[in-house]
Amino acid sequence: MSNEHEKIQTELAQYEASVEKAIARFPERANLPEKRLYTPLDIKDTDYAAEISFPGVYPFTRGVQPTMYRGRFWTMRMYAGFSTAEESNKRYRYLIESGATGLSCAFDLPTQIGYDSDDEISEGEVGKVGVAIDSLADMELLFDKIDLGKVSTSMTINAPASVLLAMYIAVAEKQGVTPDQLKGTIQNDILKEYAARGTYIFPPRPSMRLITNIFEFCSQKVPKWNTISISGYHIREAGSTASQEIAFTIADGIAYCEAAIKAGLDVDAFAGRLSFFWNAHNNVLEEVAKYRASRRIWAKVMKERFGAKKPKSWMLRFHTQTAGSMLTAQQPNNNIVRVALQTAAAVMGGTQSLHTNSRDEALALPSEDSVMVALRTQQVVAYESGLADVIDPLAGSYYVEALTNKIEAEAWDYIKKIDEIGGAVSAIEKGYIQKEIQDSAYKWQMDVESGAKIIVGVNKFHVEEESPKNLLRVDASVGIKQKAKLAKMKASRDNAAVKATLVALEKACVDENENLMPYILNAVRTYATLGEICGVMRKIFGEYEAHVSL
Amino acid sequence: MEKRIRVLVAKPGLDGHDRGAKVVARALRDAGFEVIYTGLRQTPEQIAEAALQEDVNVVAMSILSGAHQHLFPKIVNLIREKGMEDTLIIGGGVIPESDIPALKEAGIAEVFTPGTPTTAIIDFIKKNVK
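For the structure given in this document, a descriptive report is provided here. Keep in mind that this is a model prediction, so the values were computed, not measured. (Residues numbered from 1 in each chain as written. Chains lettered and ligands numbered in written order. Predicted model: local features only at pLDDT ≥ 70, side-chain atom pairs only at ≥ 80, totals over all residues.)

### Some thoughts on the packing of helix 20 (residues 495-510) of chain A against helix 21 (residues 517-525) of chain A
Two quantities define a packed helix pair, namely the angle between the helix axes and the distance between the axes. All names here are of chain A. Rule in force here: Fitted lines through C-alpha atoms serve as axes, helices being fitted only where they are in contact, and the angles separating the N-to-C directions of these axes extend from 0 to 180 degrees. Secondary structure counts use DSSP, requiring at least four H or I residues in a row for a helix and at least two E residues in a row for a strand, with both numbered from the N terminus. Comment on the angle field: the value is read as roughly parallel under 35 degrees, roughly antiparallel over 145, roughly perpendicular from 65 to 115, and oblique elsewhere. Put simply, a crossing is left-handed when the front helix is turned counterclockwise from the back one by less than a right angle, and right-handed when it is turned clockwise. Two residues qualify as being in contact provided that their C-beta atoms, derived from the backbone, are within 7 Å of each other. Any residue that is not Ala, Val, Leu, Ile, Met, Phe, Trp, Tyr, Cys, Pro, Asp, Glu, Lys or Arg is counted as polar, Gly included; the first ten are nonpolar and the last four charged.
Running from N to C, helix 20 and helix 21 cross one another at 165°; their axes reach a closest spacing of 9 Å. By the angle between their axes, helix 20 is roughly antiparallel relative to helix 21. For the pair helix 20 and helix 21, the crossing hand works out as left-handed. On the side of helix 20, the interface is formed by Thr501, Leu502, Ala504, Leu505 and Ala508, while helix 21 contributes Tyr519, Ile520, Asn522 and Ala523. Across the contact of helix 20 with helix 21, the residue classes break down as seven nonpolar, two polar and no charged.

Here is the structure:
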């Protein structure tokens, strides 16, 4: 120990002795970090050059770009979509006019699970949590008067990601935009669907094939496209801790890399297009430490485990969404404050893009007014708060650096455990990851109910209030309208051409050496529906059956 | 000894948000109930059939997709059609307050919205189960 450290050690002991009396008079609150004060001693073993370093430099703890937000702010990307393609198109154009810098499409549940709007199982769900897309015809309406050569579009689509990406490419073609110009992201992260989000279709093996097919196809044809958004967001929403969020997600990322490498792809050919998706939860400093730790872990995984050579392959680039599960139905205006703090965390943590939730989302889909406040929150943080003016402003904080180290260590423990189980796919099949998340969710709920954890307006500072008005509603007429539109489209297309492309797709599904993307693209161009295309794949691949243990 | 209350926790519709359903299921189990959880994406027919087969006293459903107005009443009808007149049927999820009167009219005994403590659900079941 250096002389300076010895001196701090002595003074720290004096400080701790001196506060004993105060603590006896004012006992400390429950559920606090173990230490009340952090000092240089807590980070004395952290090697600046190796572990913290500089922005744009391995291991990217301080951020992936050399100048971060000094040149350009993060992309303000508001997740939106509901009802019909026409309605959602209006919302997108409203967002672009209001200063949003990227689009983010929410699809309804039938679309996410590969069913058409006229399927019996879709009844009651059409257009509810997102926009209903049955065929290329809907996709053309969704992006009407939006230049796909200019905008970047993120699509929250997983099991049928290949089909929606194909539709996007086909719409762009009609606008005269070639695939190599397209910018955007498909979520395409099936593993977290099994573990946390629930919109799976096929079993893991064919699902992993579809994902590697997309990696390969895009590396050749759609090089600016982010082929996957490996998502911790939903794992956190399902109840995990911060460390579990990044650990389980990075374990999923490792599984995707292994699958692609096994399929014969070179790691540097696809790794640069992998992106991540994190939650911004309530604890600001913990979240900042989490983002920093996640970048450091991924850089080490890519360089040391997979031997990636390009710096781009080592970078963890991420989108962030504020935590939906932390919004309260009680006193919804309080949510504006929560979202502002979560935004601050995401920005101080160096996010590449951000969606901010609206105050009324614990009650319904957001109204236009609420969405505006949420977008303005980002703009206030960007232009007024100063948080984006200096790179990685919390670096060097004894607490934040120590917490970054702690979260990293906890995440590595989980990653090692998952490796021992045989990787993320096995860990999910055995229910290990689901059980860990469920245990954390239950603990959180019990802490709230016991009062160990306070949620303002819910278990403290509660008031009687009137139920909020002006909630956005999607009524049943949307489903009827969508069905009629689909029937009309089916009657006017060339059904022989549709059938021929579906037969070709079915054959390709059987041959594991075929890349399915060109076949799906051909089918989409003939206006084959999402349900028809997924139906072919369901027939060959089967469906996933979840096994739940409480 | 009194017979234990049997509860079917069910996820109708297509939404995959089952954090709430699982937390409630576990809280009910810890409160001494016998709990069966259906898993995701159950059709109304599957839920009614499971309620019959498992001979439950309570069916507790969770929906976060907005499909409650369509699915909840349909499930109540199917359960009653199977002769389970006394089964207590409750629901929860992201459900606007203005929808609740119609759901109660349709036979949902109580609707629990975000922020409800699990103890409120446990108390309600104990008080109202037949």
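### Describing the sheet that holds strand 4 (residues 88-93) of chain B
All names here are of chain B. Put simply, the rule is: Between any two strands, at least two bridges found by DSSP are needed for them to pair.
A sheet is described by the order of its strands in space; here five strands give the open sequence 2-1-3-4-5, paired in parallel fashion. Two strands bound the open sheet, and with one partner strand each, they are strand 2 (34-37) and strand 5 (110-112). When the angles between neighbouring strand axes are averaged without regard to direction, this sheet yields 20°. Judged from the four bridges that link them, strand 1 (residues 6-10) and strand 3 (residues 58-63) form a sheet pairing that is parallel. Note on strand 3: the bridge partner recorded for Val7 is Val58.

### Looking at the interface of chain B and chain A
The interface is formed by 29 residues belonging to chain B together with 31 residues belonging to chain A. At the level of elements, helix 1 (19-30), helix 3 (68-81) and helix 5 (118-128) of chain B are the ones that each hand at least two residues to the side of chain B that touches chain A. It is helix 1 of chain B that provides the largest number of residues to the side of chain B that touches chain A, a total of six residues.

### Considerations on the nonpolar core
Formally: Only buried Ala, Val, Leu, Ile, Met, Phe, Trp, Tyr and Cys residues enter a nonpolar core, and they are joined through C-beta atoms within 7 Å. Whether a residue is buried, exposed or partly exposed follows from its count of other C-beta atoms within 10 Å of its own C-beta, namely 20 or more, 12 or fewer, or something in between, respectively; the C-beta atoms are built from the backbone.
Ranked by internal contacts, the top residues of the largest apolar core, which has 191 residues, are Leu164, Ile250, Ile520 and Ile533 of chain A together with Val9 and Val59 of chain B. The element contributing the most residues to this core is helix 10 (residues 242-262) of chain A, with 12 residues.

### Some words on helix 2 (residues 44-53) of chain B
Residues and elements named next belong to chain B. Worth spelling out the cut-off: Think of it as the arc spanned by the lines of direction from the helix axis to the C-beta atoms.
Among the residues of helix 2, those classed as buried are Pro44, Ile47, Ala48 and Ala51. End-on view of helix 2: buried residues confined to an arc of 95°, all on one side of the axis. Exposed side of helix 2, more than 90 degrees from the buried face: Glu45 and Gln53 are the residues found there. Looking at the buried side of helix 2, the elements it contacts are strand 1, strand 3 and helix 3. With its phi angle positive at about 50°, Asp55 sits one or two positions after the end of helix 2.

### Description of the pairing of strand 6 (residues 228-231) of chain A
All names here are of chain A. Burial along strand 6 is two-sided: the residues Ile228 and Ile230 and Ser229 and Ser231 are all buried. By the bridge criterion, four bridges tie strand 6 to strand 7 (residues 274-280) in an arrangement that is parallel. Looking across to strand 7, one finds that Ser229 is bridged to Ser275.

### A closer look at the sheet that holds strand 8 (residues 318-322) of chain A
Pairing between the strands of a sheet is mediated by backbone hydrogen bonds and can be parallel or antiparallel. Residue and element names in this part refer to chain A. One open sheet accounts for nine strands, arranged 5-4-3-2-1-9-8-7-6; its pairing is parallel. Looking at strand neighbours, the two that pair on one side only are strand 5 (225-226) and strand 6, the edges of this open sheet. As defined by bridge partners, strand 1 (residues 75-80) adjoins strand 9 (residues 353-355) across two bridges and the pair is classed as parallel. Bridge pairing links Thr75 to Ser353 in strand 9. Together, strand 1 and strand 2 (102-105) form the strand contacts of helix 3 (residues 85-97), whose direction differs from that of strand 1 by roughly 160°.

### A look at unusual backbone geometry
For residues besides glycine, phi is generally negative; the peptide bonds are generally trans as well. All names here are of chain A. Omega for the bond connecting Tyr58 with Pro59 falls within 30 degrees of zero, at 0°, which places this linkage in the cis form. Topologically, Pro59 is positioned in the loop between helix 2 (48-52) and strand 1. Phi angles above zero are rare outside glycine, and Asn188 is one such case at about 55°. Turning to its location among the elements, Asn188 is positioned in the loop between strand 4 (183-186) and helix 7 (190-197).

### Examining the packing of helix 10 of chain A against helix 16 (residues 398-421) of chain A
Residues and elements named next belong to chain A. Here helix 10 crosses helix 16 at 45°, and the two axes come no closer than 8 Å. Of the possible angle classes, the one that applies to helix 10 and helix 16 is oblique. Handedness of the helix 10/helix 16 crossing: right-handed. Residue-level inspection shows Ala242, Ser243, Gln244, Ile246, Ala247, Phe248, Ile250 and Ala251 of helix 10 in contact with helix 16, the latter providing Ile407, Glu410, Ala411, Tyr414, Ile415 and Ile418.

### A closer look at the pairing of strand 8 of chain A
Residue and element names in this part refer to chain A. This is how it is decided: Think of it like this: strands point away, you trace from the first strand over the helix to the second, and a clockwise trace means the crossover is right-handed.
Among the five residues that make up strand 8, five are buried, leaving the element largely enclosed by the rest of the structure. Pairing of strand 7 with strand 8, which is carried by five bridges, proceeds in the parallel orientation. What sits directly across from Asn279, in strand 8, is Gln321. For strand 8 and strand 9, the ladder comprises three bridges, and the chain directions are parallel. Counterpart to Thr320 in the pairing with strand 9 is Leu354. Where the polypeptide runs from strand 8 across helix 14 (residues 334-348) and back to strand 9, its parallel neighbour, the crossover connection is right-handed.

### Focus: the environment of Val76 of chain B
Residue and element names in this part refer to chain B. Looking at the element boundaries, Val76 is found in helix 3. Val76 sits in the buried class, given 22 other C-beta atoms within 10 Å. Distance from Val76 to Gly39, taken between C-alpha atoms, is 19 Å for residues 37 residues apart in sequence. When neighbours within four sequence positions are excluded, Val76 is seen to be in contact with Ile89, Ala106, Gly107 and Ile108.

This is a description of form; function is not addressed.
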